[in-house]
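Breakdown of the fold
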Amino acid sequence: MPELPEVETIRLGLVKLLPGRVVADVWHDWHKSFPNAPADAARFLVGAKVKTVRRRAKVLIIELSSNYSLVIHLKMTGQLVFMGDKRFGAGHPTKSLVGELPDKSTRVILDFKDGSKLFFNDQRKFGWMRLIPSIEVPEIDFFKTVGPEPLDDDFTVDKFVERLRRRKNSSVKAVLLDQTVLAGVGNIYADESLWTAKIHPATVVDKIPSTKLVLLHDGLIKVLKLGIEKGGSTDRNFRSAEGKKGNYLTFAQVFRRENQPCPRCGTIIDKIRVAGRGTHICPFCQREPKAKP
DNA sequence: CACTTGACCTGTCCGC
DNA sequence: TGCGGACAGGTCAAGT
């Protein structure tokens with residue numbers, strides 16, 4: 001599920017809710033959701049205090065006072081939902097948004113000393129959580145290969161174009177989704193940014209004029225920022241740390257809007273398949289690239 | 001090497 | 001209503 005704006009939305013919630021809380025216990029039901037829990041949790045998790053919560057690409061990092069970090073990838077259907085302690089009173093707002101937890105998608109529960117809890121729910125079980133010495137976090141395979149953060153100030157047009165052009169023969173959509181080219185873009189924001197720049201997703205990067213790549217760079221940053229501003233996108237599962245749905249899809253131009261008119265020209269939006277993913281386009285604004293002769 | 005295709009899982013929706 | 005198949009926001013390993 002979550003792409004950069006969704007993961008950042010969760011981080012913004014957690015960073016308000018978790019720091020200072022001390023872990024009292026941990027429970028997990030599915031070994032792949034937290035593979036090293038049995039070995040390390042008792043020593044480096046229980047009794048540790050949360051220092052802060054960071055994000056890199058689509059990954060969350062909960063830093064602990066034990067000098068270990070919980071590194072979390074939510075993949076398609078992961079959620080991190082916080083349920084407060086007695087200070088929230090009975091029937092605190094999260095419960096009314098997500099219902100009783102744990103439910104059947106709950107994979108891991110962190111219990112804090114003050115009675116609050118953090119639930120890692122993941123219907124499809126693709127997500128994972130790992131306890132890693134904080135100093136080794138940058139050394140995990142994913143972080144060694146992942147590309148730059150698109151919302152960093154130094155992510156310039158030149159840097160963007162240089163990185164995209166490394167992939168000569170791929171469709172531009174496949175390149176945007178490639179986390180080693182740049183971090184954090186997934187299916188929603190790839191489609192939205194390509195519509196903004198009027199580029200057909202199947203176009204080979206080498207065939208796109210630089211002027212259009214400038215528009216794509218601008219459009220990508222714009223849609224990612226709007227995604228964060230609207231609290232992410234809830235297509236089915238996404239929830240913030242407080243259990244709220246995201247509002248971005250109300251503002252989406254093409255994603256999940258097949259058979260509706262393009263907001264720019266009125267042509268009916270089409271859903272096709274590019275790079276193995278469902279892909280939404282305006283067939284007029286985003287003309288199909290010419291076939292090779 | 002560069003790129004594409006399954007596999008990992010559960011749940012839901014759609015057509016027969 | 002039941003049942004099979006396609007599909008769902010992401011990455012890997014294995015294939016061409």
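Conventions and cut-offs
- For every chain, the first residue of the written sequence is number 1, and numbering continues from 1 onward in sequence order.
- Both sets of labels track the order of writing: A upward for chains, 1 upward for ligands.
- Where totals are concerned, whole chains, interfaces and linings use all residues; where local detail is concerned, this predicted model gives features only for residues with pLDDT of at least 70, and gives and counts side-chain atom pairs only at 80 or more.
- Side-chain figures throughout are based on the complete set of non-hydrogen atoms in the structure, without hydrogens or water.
- A run of DSSP states H or I qualifies as a helix once it reaches four residues; a run of E qualifies as a strand once it reaches two. Both are numbered from the N-terminal end.
- As defined in this context, the radius of gyration uses C-alpha atoms, and a globule is described by 2.2 Å times the residue total to the power 0.38.
- Each residue is assigned to one of three classes by its accessible area relative to the maximum for its type, calculated with a 1.4 Å probe on protein chains only: buried under 20%, partly exposed between the two thresholds, exposed over 50%.
- The contact rule is simple, with two residues in contact once any of their heavy atoms fall within 4.5 Å.
- For the area figures, the Shrake-Rupley method with a 1.4 Å probe applies, and any residue is considered shielded solely by the protein chains shown.
- We treat Lys and Arg as the positive residues and Asp and Glu as the negative residues; His and chain ends play no part in the count.
- A single reference atom marks each charge: NZ on Lys, CZ on Arg, CG on Asp, CD on Glu.
- Here the rule is simple: two strands pair whenever DSSP picks up at least two bridges between them.
- Axis definition: a line fitted to C-alpha atoms, over the contacting stretch in the case of helices. Angles run 0 to 180 degrees between N-to-C directions.
- Nonpolar cores are built from buried Ala, Val, Leu, Ile, Met, Phe, Trp, Tyr and Cys residues. Side-chain atoms within 4.5 Å join them into one set.

Check the secondary structure of chain A and you find 9 helices and 10 strands. For a compact globule of 293 residues, the expected C-alpha radius of gyration is about 19 Å, and chain A comes in at 20 Å, within 12% of that figure. Overall, chain A is about 65 × 40 × 30 Å in size when its C-alpha atoms are taken along their principal axes. Across the 293 residues in chain A, those meeting the buried criterion constitute 54%. Taking contacts inside chain A between residues at least 6 apart in sequence as the whole, the part at least 24 apart equals 64%. Carbon and sulfur atoms form 52% of the exposed surface of chain A, whose accessible area is close to 13600 Å². Side-chain charges of chain A comprise 49 positive and 33 negative groups, with the mean position of each set lying 3 Å from the other.

Of all 6 residues in strand β4 (residues 68–73), 6 are buried; the element is thus mostly enclosed. Residues Tyr68, Leu70 and Ile72 point to one face of β4 and Ser69, Val71 and His73 to the other, with burial holding for every one of them. Both strand β3 (residues 59–64) and β4 contribute to a ladder of 5 bridges, which runs antiparallel. In the sheet register, Ile62 faces β4, and the bridge partner there is Leu70. Connecting the antiparallel pair β3 and β4 is a turn made up of 3 residues, with Asn67 showing a positive phi of about 65°. Two elements, β4 and strand β8 (residues 128–133), share 6 bridges in a ladder whose sense is antiparallel. Each residue of the ladder has a partner; that of Ile72, found in β8, is Met129.

Our next topic: the sheet that holds strand β1 (residues 23–28). Spatially, β1-β6-β7-β5 is the arrangement adopted by the 4 strands of the open sheet, whose pairing is antiparallel. Looking at strand neighbours, the two that pair on one side only are β1 and β5 (78–83), the edges of this open sheet. Between one strand axis and the next, the sheet turns through 15° on average, direction left out of account. Looking at chain direction, β1 and strand β6 (residues 106–112) are connected through 5 bridges and run antiparallel. Each bridged residue has a counterpart across the sheet, and for His28 the counterpart in β6 is Val108.

On to the nonpolar core. Within the largest apolar cluster, 33 residues are counted, with the highest numbers of intra-cluster contacts made by Leu14, Leu18, Phe34, Leu45, Ile62, Leu80 and Leu118. Residue contacts for Phe34: discarding those within four places in its chain leaves Val26, His28, Leu45, Leu70, Val108, Met129, Arg130 and Leu131. In terms of nonpolar packing, the next biggest core, distinct from the first, is built from 29 residues, Ile188, Tyr189, Ile199 and Tyr248 among them.

These values are about where atoms sit, not about what they do.
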